[in-house]
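Remarks on the overall topology
So the chains spell out like this:
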Amino acid sequence: MEGHYMSGYRVFMVILFLHAWFATSVVLARSSPTKRFNFTVEWREVTRLCHTKRLLTVNGEYPGPTIDVHEGDRVEVVVFNNVERNTTIHWHGIKQFRTGWADGPAYITQCPIRANHSYTYRFKVTRQRGTLFWHAHLGWQRASVHGAFIVRPRSSSSYPFPPVHAEVPIILGEWWNVDTEAIESDTIRYGSGPNVSDAYTINGMPGPYYPCSNQDTFTHIVEHGKTYMLRIINAALNNELFFAVENHTLTVVEIDAAYVKPFATSAIMIAPGQTTSVLVTTNTKPGTFMLAARPYVSATIPFNPTTAIGFISYSTNRVPASREHGDLTFLPPMQDTAFATQFSNNLRSLDSTEHPCKVPKEVDKRLFITISLNLQDCCSNCICKGFTGKRFSASMNNQSFTRPATSILESYFKNTMDAKLINSFPERPPHPFNYTGPSTLDMKLNTEFGMRLVAVPHGTRLEFVLQDTSLVNAENHPIHVHGHNFFVVGRGFGNFEEGRDRAGFNLVDPPERNTVAVPSGGWAAIRFKADNPGMWFVHCHLETHTTWGLAMGFIVRDGPKASQQLLPPPEDFPPC
Ligand SMILES: *[C@@H]1O[C@H](CO)[C@@H](O)[C@H](O)[C@H]1NC(C)=O
Ligand SMILES: *[C@@H]1O[C@H](CO)[C@@H](O)[C@H](O)[C@H]1NC(C)=O
Ligand SMILES: *[C@@H]1O[C@H](CO)[C@@H](O)[C@H](O)[C@H]1NC(C)=O
Ligand SMILES: *[C@@H]1O[C@H](CO)[C@@H](O)[C@H](O)[C@H]1NC(C)=O
Ligand SMILES: *[C@@H]1O[C@H](CO)[C@@H](O)[C@H](O)[C@H]1NC(C)=O
Ligand SMILES: *[C@@H]1O[C@H](CO)[C@@H](O)[C@H](O)[C@H]1NC(C)=O
Ligand SMILES: *[C@@H]1O[C@H](CO)[C@@H](O)[C@H](O)[C@H]1NC(C)=O
């Protein structure tokens, strides 16, 4: 896990050869190296909490293999599907300039990779560096099919913080004792809320607070007096999480592969789809210290109130104790919205000379998008297990997204798409109401189903105001945008108010990310330049909500220059 950090000697060498480097950098840029990986999607018997089950994995690993590349590299991943189910892989947060065919969401940018078939994802990693992850993007497969995707700075450029001794990927996840496909299909059949997971995990391990899990505890031996970088990834399906290291301060340096102004914190809040790199210095009295993850709960819904525990150890005997239920006061309480809010407010783009913050100061197009849960009447002869005997669904601007039977990107590219769907997504809520008003269970809570899109010219500067609603239940929603990073220019509670709230936007150093946690009963405003031609999915990264239709899509048209146009689909592109 030793990082590729520059020693003082290497820094000296770099300075020595800086001039030579500038002279040759054009040549180097053209010959970016290709990093190749083989991913086989296959079953593996895995035991946790005394339950052995067949788990969907990549290369038999849980979590899956780490992809470790440099900014500027080309990446080729051959994904071979060795199971009887369909699959796809998404490179979460990778911008995929002109290569939307490699983005991965099933039926959005590609048809699935069928059993005994393969598809090679080819893309270049540009204009980003830091911690990301990859995961399956079909149904709930990402529960176990996920791994770290690390983008190191170009070898010519170093981190904007002091060198670290080593790096430790920390993948937070959820474990179910049964096949998650059964949970997903129950959710769909009964229109119900899903069964909550049986455990939270740190690098696939639940830790000693769960039944018969002492041996399934993530443990990392560290040295005293060093600084480590934890690359933290929330790969959980349905839970925002708090994460902390006992008796150690975390210094946040990067989120979603974008640098931030470093700040110290006792814990982080991390939503599904988000990543956070923190520095930890092992400078207390040597010992064995807990790493802990448990949910941040922002709604009155069923949740599993347990805690995943791992350890870092720099004690003299170096044997991490499996401790009795200890003092977890180093973690915020599970309903601590004040902590989650303060943590998010501390996030600012680094905005340095080398990494300027390119937030659009003006915008060309604004969308105001409500985020709602909904309830549909039960069909006759059906069993419905949502609230009040109905079926749950979810929507954006009262449109619940239903995916087609083919790839949207492909039908857009081949011009076989129903033209009425393009630019038919409502740009404001069809019927304005008090979005965050009192309980709404007596209101009409049904929604419309379909696939409506927004289309914008290349280079359009977009603003989305994402407004949570209290329809059914207010909740914190992590909204993920594919193909682009965006800037979170504002957040607040209650209803977004045009004059008051836009005046308060941060247009200097707002955080740049790919997934924003929209406050429960509040709003978040994001801005970005739509400069990546293709068709891009926008959805809640709480997997249940995507199942229920909390999604939309937008098309970025080709620009006039060749470099602004979507490339044609690759030859091995999977058919439907
Ligand atoms: C991937 O698998 C192919 C075929 O088995 C093999 O030739 C190639 O070396 C492998 N590549 C990597 C990076 O493991
Ligand atoms: C995949 O290949 C294996 C081995 O050839 C075969 O047993 C299996 O039936 C195939 N599965 C599908 C769905 O084609
Ligand atoms: C979900 O939980 C219920 C109640 O415990 C149980 O009856 C049901 O079998 C569970 N569903 C699945 C798919 O395990
Ligand atoms: C953490 O710090 C507290 C307060 O200083 C101390 O009582 C406790 O023993 C420390 N925990 C460990 C594991 O060293
Ligand atoms: C919306 O509902 C909230 C909560 O009841 C209330 O405080 C607020 O005044 C309402 N806003 C409007 C514009 O009616
Ligand atoms: C959403 O659409 C449904 C179906 O057209 C309608 O009955 C409902 O009132 C709409 N809700 C809102 C909040 O616009
Ligand atoms: C896999 O996807 C194809 C294309 O959408 C579909 O026809 C087929 O039924 C799917 N197979 C399975 C096992 O779900």
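Small disclaimer: the values here were computed from a predicted structure and weren't measured.

Rules behind the numbers
- Residues numbered from 1 in each chain as written.
- Chains lettered and ligands numbered in written order.
- Predicted model: local features only at pLDDT ≥ 70, side-chain atom pairs only at ≥ 80, totals over all residues.
- Heavy atoms only, no water.
- Disulfide = S-S within 2.5 Å.
- Helix = DSSP H or I, 4+ residues; strand = E, 2+ residues; numbered from the N terminus.
- Buried < 20%, exposed > 50% of the residue type's maximum accessible area, 1.4 Å probe, protein only.
- Pairing = 2+ DSSP bridges.
- Core = buried A, V, L, I, M, F, W, Y, C linked by side-chain atoms within 4.5 Å.
- Domains from an automatic or database assignment.
- Contact = heavy atoms within 4.5 Å.
- Near = heavy atom within 4 Å.
- Polar contact = N/O pair within 3.5 Å; in protein donor to acceptor, adjacent residues only side chain to side chain.
- Areas by Shrake-Rupley, 256 points an atom, 1.4 Å probe, with all protein chains shown as cover.

This next bit is on the state of the cysteines. This structure, assessed with the given rule, holds 4 disulfides. Here Cys50 connects covalently by a disulfide to Cys212, the sulfurs 1.7 Å from one another. Residue Cys50 is found in the loop between strand S1 (34-48) and strand S2 (51-58), and its partner Cys212 is found in the loop between strand S10 (199-202) and strand S11 (219-221); the two are separated by 162 residues along the sequence. The disulfide bridge from Cys378 ends at Cys384, spanning 2.1 Å between sulfur atoms. Taking the sign of the S-S torsion, about 85 degrees here, the bridge from Cys378 to Cys384 comes out right-handed. On the basis of relative accessibility, which here comes to 30%, the residue Cys378 falls in the partly exposed class.

Before going further, it helps to spend a moment on unusual backbone geometry. The peptide bond linking Tyr62 to Pro63 adopts the cis configuration, its omega dihedral lying at -10 degrees. Tracing the backbone through its elements, the reader meets Pro63 in the loop between S2 and strand S3 (67-70). With a phi angle near 55 degrees, Arg127 is a residue other than glycine that sits in the positive phi range. Mapped onto the elements, Arg127 comes out in the loop between strand S6 (118-124) and strand S7 (130-136).

Moving on: the pairing of strand S17 (residues 275-281). In terms of burial, S17 is a largely internal element, 6 of the 7 residues being buried. As defined by bridge partners, strand S12 (residues 227-234) adjoins S17 across 7 bridges and the pair is classed as antiparallel. When the bridges of S17 are listed, Met229 appears paired with Leu279. Direction of pairing for strand S14 (residues 250-255) relative to S17: antiparallel, over a ladder of 4 bridges. Within S17, the position partnered with Val252 by the bridge is Val278.

Moving on to the nonpolar core. Ranked by size, the top nonpolar core spans 56 residues in total, and within it Ile170, Leu172, Leu230, Ile232, Phe243, Val252 and Ile268 carry the most contacts. Take this core: its biggest share by element is 6 residues, from strand S18 (residues 288-296). Counting only domains with at least three residues in this core, you end up with domain 1 (32-157) and domain 2 (159-356). Among all residues touching Leu230, those that are not within four sequence positions of it are Val168, Ile170, Phe243, Val245, Thr276, Ser277, Val278 and Val280. Leu409, Met417, Leu453 and Met535 belong to the second-largest nonpolar core, a separate cluster that totals 45 residues.

Surveying the vicinity of ligand 5 reveals the residues Asn434, Gly437 and Pro438. Take Asn434: an N or O atom from its side chain is 2.4 Å from an oxygen atom of ligand 5. In isolation ligand 5 exposes 360 Å². Once the protein is present, 30% of that is buried.

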